[in-house]
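As a plain string of letters, each chain reads:
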Amino acid sequence: MTTQTHSSRRLAPLPYLIFASRWLQLPLYLGLIVAQAIYVVQFLRELWHLIDTTLLGGGGGPGPYSPEVMIMLTVLGLIDVVMISNLLIMVIVGGYETFVSRLRLEGHPDQPEWLSHVNAAVLKVKLATAIIGISSIHLLATFIKASELPDRVIFWQLVLHLTFVVSAVAIALIDRIMSPPARTAAHA
């Protein structure tokens, strides 16, 4: 009787088709890479606007905000683009690695640290915390412009942000309950 390794074992047609269907996600990840490129263009546009208005004297004259506030809002916009871009990378790399196929980056000097232990639960928690960070940037920008916004807009943005926080905590707690950390011999 011979034993087969996992790589040489043949699947029956239906299980093979079901397992191979994971490759249908590939166009989705490629589309997210295109979205990442669009965010790079958006970042460069906002950065050029910041340089033009602050260093080159361009811009449309006096606006509703002081120059310091305009710089702060523009920088918050840049940070927002970077954080959304980071979120895209987590989804593209982590999702592909978790749901489609291994990237085989072991030993690569640029391998993200978090990728070595990524799974669906870890990815959900990382995404939830990234969304909280992005929401925080938007909320900060809202507070800076609070004098111009209706109270209900500020209220609902705050409620939405707190909902993100509560959701992330719930996801982390559920993950912790479902996968408790391994106990060491000292605690046994």
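Note that the structure is predicted; figures quoted are calculated from it, not measured. (Residues numbered from 1 in each chain as written. Predicted model: local features only at pLDDT ≥ 70, side-chain atom pairs only at ≥ 80, totals over all residues. Heavy atoms only, no water.)

Asks: Report on a nonpolar patch on the surface, specifying residues and quantitative values.
Replies: A cluster of nonpolar side chains, namely Val 169, Leu 173, Ile 174, Ile 177 and Met 178, defines an oily patch on the protein surface of about 560 Å² accessible area. Counting through the fold element by element, Ile 174 comes out in helix 5 (residues 151-178). (Patch = residues over 30% accessible without salt bridge, like charges linked within 9 Å, V, L, I, M, F, W, Y side chains within 5 Å. Areas by Shrake-Rupley, 256 points an atom, 1.4 Å probe, with all protein chains shown as cover. Salt bridge = Lys/Arg side-chain N within 4 Å of Asp/Glu carboxyl O. Helix = DSSP H or I, 4+ residues; strand = E, 2+ residues; numbered from the N terminus.)

Asks: Which residues make up the nonpolar core, and what values go with them?
Replies: Counting 11 residues, the largest nonpolar core is built from Ile 84, Leu 87, Met 90, Val 93, Trp 114, Leu 115, Val 118, Leu 123, Leu 127, Ala 130 and Ile 134. At the level of secondary structure, the elements contributing two or more residues to this core comprise helix 3 (67-100) and helix 4 (120-144). The residues touching Val 93, leaving out its near neighbours within four places in the chain, are Leu 103, Trp 114 and Leu 115. (Core = buried A, V, L, I, M, F, W, Y, C linked by side-chain atoms within 4.5 Å. Buried < 20%, exposed > 50% of the residue type's maximum accessible area, 1.4 Å probe, protein only. Contact = heavy atoms within 4.5 Å.)

Asks: Pulling in residues and values, what's your account of the side chain of Arg 22?
Replies: Tracing the chain through its elements places Arg 22 in the loop between helix 1 (13-20) and helix 2 (26-54). Salt bridges are absent for the buried Arg 22, whose nearest opposite-charge side chain, Glu 97, sits at 11 Å. A polar side-chain atom of Arg 22 sits 2.5 Å from the main-chain carbonyl oxygen of Val 100. Contacts of Arg 22, omitting those with residues within four sequence positions, involve Phe 99 and Val 100. (Lys, Arg positive; Asp, Glu negative; His and termini not counted. Polar contact = N/O pair within 3.5 Å; in protein donor to acceptor, adjacent residues only side chain to side chain.)

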